[in-house]
Amino acid sequence: QVQLVESGGGLVQAGGSLRLSCAVSGRAFSGYAMGWFRQAPGKERAFVAAISTSGGSTYFLDSVKGRFTISRENAKNTVYLQMNSLKTEKTGVYYCAARKEQLINVVPIEYEYWGQGTQVTVSS
């Protein structure tokens, strides 16, 4: 089965940066569009960023445009989320997700595979 493992989370001061990684098992990674989602305490899981199978198309939540970057290395079965200028409101558990489509999507239910998440805490 396909497994996703996130890493790179931790504690960071407001204005700082983190890079999250998501390693995907299996032989079909290059056929999956990938997404990153955040779940804040007591809130629903919400879209952050997504990237198409080739990496040629990306899409971001408006509040992170210009500060976050999503990328992928298909040869390594890995997708990344570079987070710069972090604000305390971005604290939460970040989840990596994969869907069996070439195009990106912002809706959680459209993704078939999910990691267990990595905690990101932005302190003031």
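Quick look at the structure, then. (Residues numbered from 1 in each chain as written. Predicted model: local features only at pLDDT ≥ 70, side-chain atom pairs only at ≥ 80, totals over all residues. Heavy atoms only, no water.)

**Considering the packing of aromatic side chains**
- Applying the stated rule across the entire model yields six aromatic pairs.
- Geometrically, the ring pair formed by Phe37 and Phe47 is edge-to-face, given 5.8 Å between the ring centres and 75° between the ring planes. Taken together, the residues span a long stretch of sequence, with Phe37 in strand β4 (residues 33–39) and Phe47 in strand β5 (residues 46–51) at a distance of 10 residues.
- Note on Phe37: relative accessible area 0%, which makes it buried.
- Judged by its relative accessible area of 8%, Phe47 is buried.
- For the ring pair Tyr111 and Trp114, a centre distance of 6.1 Å and an interplane angle of 65° mean the geometry is edge-to-face.
- A relative accessible area of 4% means that Tyr111 is categorised as buried. (Phe/Tyr/Trp six-rings, centres within 6.5 Å; stacked < 30°, edge-to-face > 60°. Helix = DSSP H or I, 4+ residues; strand = E, 2+ residues; numbered from the N terminus. Buried < 20%, exposed > 50% of the residue type's maximum accessible area, 1.4 Å probe, protein only.)

**Focus: the state of the cysteines**
- Applying the stated criterion across every chain, the model contains one disulfide.
- Paired through a disulfide, Cys22 and Cys96 show a sulfur-sulfur distance of 2.1 Å. Of note, the bridge from Cys22 to Cys96 carries an S-S torsion of about -85° and is left-handed in sense. Of the two residues, Cys22 sits in strand β3 (residues 18–24) while Cys96 sits in strand β9 (residues 92–99), which places them 74 residues apart along the sequence. Here the two residues Cys22 and Cys96 agree in accessibility, since each one is buried. (Disulfide = S-S within 2.5 Å.)

**Observations regarding the nonpolar core**
- Met34, Trp36 and Leu81 are the most contacted members of the largest nonpolar core, which has 28 residues in total.
- Elements supplying a minimum of two residues to this core: β3, β4, β5, β7 (68–73), β8 (78–83), β9 and β11 (118–123).
- At four residues, the largest contribution of residues to this core is made by β3.
- The next biggest cluster of nonpolar side chains, apart from the first, holds five residues, and it includes Phe47, Ala50, Ala97 and Tyr111. (Core = buried A, V, L, I, M, F, W, Y, C linked by side-chain atoms within 4.5 Å.)

**Examining the pattern of salt bridges**
- On inspection of all chains with the given rule, the structure shows three salt bridges.
- Between Asp62 and Lys65 there is a salt bridge, with the nearest N and O atoms lying 3.0 Å from each other.
- Salt-bridge contacts for Glu110 lead to Arg99; the nearest nitrogen and oxygen are separated by 3.8 Å. Highlighted residues: Glu110 in the loop between β9 and β10 (113–114) and Arg99 in strand β9, separated in sequence by 11 residues. (Salt bridge = Lys/Arg side-chain N within 4 Å of Asp/Glu carboxyl O.)

**Description of the sheet that holds β3**
- The strand order across the open sheet built from four strands is β1-β3-β8-β7, with neighbouring strands paired in antiparallel fashion. Every interior strand has two partners, whereas the edge strands, β1 (4–7) and β7, have only one. On average, adjacent strands in this sheet sit at an angle of 15° to one another, irrespective of strand direction.
- Judged from the four bridges that link them, β1 and β3 form a sheet pairing that is antiparallel. (Pairing = 2+ DSSP bridges. Axes fitted to C-alpha atoms, helices over the stretch in contact; angles between N-to-C directions.)

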